Amino acid sequence: MIQIENIQVGYGHCVVAEFAGDIAFAKARLIALIGTNGSGKSTFLRAVASGEHIINGKVSINNQKWQNIAPRDRSKLISIVLTERAFSQFLTVRELLELSRAPYTNYIGKLAAMDHEIIDEVLEKFDLHKLHDRKAGTLSDGQLQRVLIARAIVQDTDYILMDEPTSHLDINHKADLLLQLKEYCHEHDKTILFATHEIQLALSLCDEVVSIHKGSIAHHTTAKFHDSKLLQQIFPSKNLSFKNGTIGFDF
Ligand SMILES: Nc1ncnc2c1ncn2[C@@H]1O[C@H](COP(=O)(O)OP(=O)(O)OP(=O)(O)O)[C@@H](O)[C@H]1O
């Protein structure tokens, strides 16, 4: 379980988002993180994943305070998928996935047969096997996004945080991927918290929702969004209409 207590996240002394009280993310949940541009979703994800940008408060993972977990153990517990291309563009897709097995390799970093099996299985599952020997720098944004998600799955952490994992995907891949992630969470007892602007898809698929609105972080059941007022509050616009958790364009 991830437990967050009285958290304030932000930059310097400037608080971007906060929650007074406890938030707990249990195992086997797909959780959407929603909010308008600049509301603090990426800041919150980084705070939970790496302790960056925490001004006040405490994050614990499986009952251990984040700071007390050794880096190697932490990399078996929690991972984050960001949008930036912060790795060598000359690495192949397979090499990128191999690197994410590092927490499980021996002192010379040699992969075991099981590591290769896991990589092959994930390449197949995420329909990436045809791209396995392509250099990262030659991939389209959407292909790379799917590779980075596959990389986090290969790392096999209890918790995965993702910053807009479907932003570059076409509508088929968006729906397929989110459904795959939900199945992955439920079948393997993992929890994924992901920031998204795909509100409709998120509300159709996710088990829970975290919202950030006017600096306040809130944790909801998905069912709570059948009350249209909540969506209207978070995304106020005269051009949108909300009904039973669905969003229409009212031009
Ligand atoms: N390095 C930084 N230093 C100071 N302020 C920052 C920094 N990075 C982000 N911010 C500010 O923090 C606030 C929250 O930004 P954040 O990127 O977390 O929002 P977001 O909800 O992820 O936005 P989006 O949906 O547009 O991706 C914004 O006002 C942003 O300008």
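Residues numbered from 1 in each chain as written. Predicted model: local features only at pLDDT ≥ 70, side-chain atom pairs only at ≥ 80, totals over all residues.

Under an unreviewed UniProt entry, the name given to the protein chain is Putative iron (III) ABC transporter ATP-binding protein, and the organism recorded is Nonlabens dokdonensis. If you open the UniProt record of the protein chain and go to Subcellular location (unreviewed entry), you find "Cell membrane". (UniProt positions renumbered as here; feature names shortened; annotations may be inferred.)

**Student:** Got a sec to walk through the overall build of the protein chain? Specific residues and values, please.
**Tutor:** For the protein chain, the helix and strand inventory stands at eight helices and 12 strands. Dimensions along the principal axes, computed over C-alpha positions, put the protein chain at roughly 55 × 45 × 35 Å. For the protein chain, restricting intrachain contacts to residue pairs at least 6 apart in sequence, the fraction spanning at least 24 positions comes to 65%. (Helix = DSSP H or I, 4+ residues; strand = E, 2+ residues; numbered from the N terminus. Contact = placed C-beta atoms within 7 Å.)

**Student:** How would you explain unusual backbone geometry if you had to name every residue and give the values?
**Tutor:** Positive phi, close to 60 degrees, is recorded for Asp189, a residue that is not glycine. For Asp189, the location among the structural elements is in the loop between helix 6 (171-188) and strand 8 (191-195). C-beta crowding within 10 Å serves as the criterion here: with 12 such atoms nearby, Asp189 is assigned to the exposed category. With a phi close to 50 degrees, Lys214 is a non-glycine residue in the positive phi region. Topologically, Lys214 is positioned in the loop between strand 9 (208-213) and strand 10 (216-221). (Buried ≥ 20, exposed ≤ 12 C-beta atoms within 10 Å, placed from the backbone.)

**Student:** So what about helix 5 (residues 141-155)? Which residues, and what values?
**Tutor:** In this model helix 5 runs 21 Å from its N-terminal to its C-terminal C-alpha over 15 residues, within 8% of the 21 Å that 1.5 Å per residue would give. For helix 5, the complete set of buried residues consists of Leu144, Gln145, Arg146, Val147, Leu148, Ile149, Ala150, Arg151, Ala152, Ile153, Val154 and Gln155. On its buried face, helix 5 is in contact with strand 6 (78-81), helix 3 (93-99), helix 4 (113-125), strand 7 (159-163) and helix 6. Backbone geometry just downstream of helix 5 places Asp156 in the positive-phi region, at approximately 60 degrees. (Expected span 1.5 Å × (residues − 1).)

**Student:** Outline the site of the ligand, supporting the account with residue identities and numerical values.
**Tutor:** The immediate surroundings of the ligand are formed by Tyr11, Val16, Gly35, Asn37, Gly38, Ser39, Gly40, Lys41, Ser42 and Thr43. When residues of the shell around the ligand are assigned to their parent elements, the largest contribution, three residues, is made by helix 1 (residues 41-50). A per-class count over the shell around the ligand returns two nonpolar, seven polar and one charged. (Near = placed C-beta within 6 Å. Nonpolar A, V, L, I, M, F, W, Y, C, P; charged D, E, K, R; others polar.)

**Student:** A description of helix 1 should follow, citing residues and the corresponding values.
**Tutor:** Of all the residues in helix 1, the buried ones are Lys41, Phe44, Leu45, Ala47, Val48 and Ala49. Once helix 1 ends, the next one or two residues include Gly51, with phi positive near 80 degrees.

**Student:** So what's going on with the nonpolar core? Which residues, and what values?
**Tutor:** In terms of nonpolar packing, the biggest core is built from 66 residues, with Ile31, Leu33, Phe44, Val48, Val122, Ala150 and Ile192 touching the most fellow members. In terms of residues, this core owes the most to one element, helix 5, which gives eight residues. Those residues in contact with Ile31, other than ones at most four positions away along the chain, are Phe25, Thr191, Ile192, Leu193, Cys206, Asp207, Glu208, Val209 and Val210. (Core = buried A, V, L, I, M, F, W, Y, C linked by C-beta atoms within 7 Å.)

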